[in-house]
Amino acid sequence: FAADGATPRLLVGYSADIEIIIERRDAVPRIPSEALMTGNRIYVVGADGRLEERAVETGLTNWEFTQVTSGLTAGDRVVVTPGKEGLAPGVTVTEERTE
């Protein structure tokens, strides 16, 4: 919608998604929202290269990112596709890099 109050003609079937920002925090630990599983759990790659399932506490969230307030340490490698077939605690990780 235009700031001048002029409303363009909208056609049937048009839709829009909006996000209203009511709070913002910069420079906080966050993960992609799709990495979060039910019960605020994530998969983290352990020092031995095996998956560990870990509970985290979360803060602000949107469709893209979720703030992690505890349960994650700087440098932890988080699995961003937890629904991928074959993933489970104890599984040895083979990294797939995307560029």
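So, a few notes on the structure that sits alongside this text. Predicted, not measured: the structure shown is a model, and the values here were computed from it.

Cut-offs applied
Residues numbered from 1 in each chain as written. Predicted model: local features only at pLDDT ≥ 70, side-chain atom pairs only at ≥ 80, totals over all residues. Heavy atoms only, no water. Core = buried A, V, L, I, M, F, W, Y, C linked by side-chain atoms within 4.5 Å. Buried < 20%, exposed > 50% of the residue type's maximum accessible area, 1.4 Å probe, protein only. Contact = heavy atoms within 4.5 Å. Helix = DSSP H or I, 4+ residues; strand = E, 2+ residues; numbered from the N terminus. Salt bridge = Lys/Arg side-chain N within 4 Å of Asp/Glu carboxyl O. Pairing = 2+ DSSP bridges. Phe/Tyr/Trp six-rings, centres within 6.5 Å; stacked < 30°, edge-to-face > 60°. Lys NZ or Arg CZ within 6 Å of the ring centre and 35° of its normal. Polar contact = N/O pair within 3.5 Å; in protein donor to acceptor, adjacent residues only side chain to side chain.

Re the nonpolar core
By size, the foremost hydrophobic cluster in this structure holds 6 residues: Ile31, Ala35, Ile42, Val44, Val56 and Val68. Beyond its immediate sequence surroundings of up to four residues, Val44 is in contact with Arg50, Leu51, Glu52, Arg54, Leu72, Asp76 and Arg77.

Section: the environment of Gly46
With respect to the element layout, Gly46 can be found in the loop between β2 (41-45) and β3 (51-55). Put simply, Gly46 and Val78 are 32 residues apart on the chain and 9.7 Å apart in space, counted from C-alpha to C-alpha.

Notes on the pattern of salt bridges
Inspection of the entire model under this criterion finds 5 salt bridges. Ionic pairing is found between Asp26 and Arg24, a salt bridge with its closest N-O pair at 3.1 Å. Relative accessible area serves as the criterion here: at 64%, Arg24 is assigned to the exposed category. Where Glu52 meets Arg54, a salt bridge forms, and the shortest distance between an N and an O atom there is 3.5 Å.

Focus on the pairing of strand β4 (residues 57-61)
Two elements, β4 and strand β5 (residues 65-70), share 3 bridges in a ladder whose sense is antiparallel. Directly across from Thr61, in β5, lies its bridge partner Thr66. Counted between consecutive antiparallel strands, the loop separating β4 from β5 contains 3 residues.

What about the packing of aromatic side chains?
All told, the structure shown has 0 aromatic pairs when counted by the stated rule. The ring centre of Phe65 lies 3.7 Å from the NZ or CZ of Arg30, which sits over that ring.

Thoughts on the side chain of Ser33
Among the structural elements, Ser33 can be located in the loop between β1 (30-32) and β2. On the accessibility criterion, Ser33 (16% relative accessible area) is buried. Separated by 3.2 Å, the side chain of Ser33 and the backbone oxygen of Phe65 make a polar contact.

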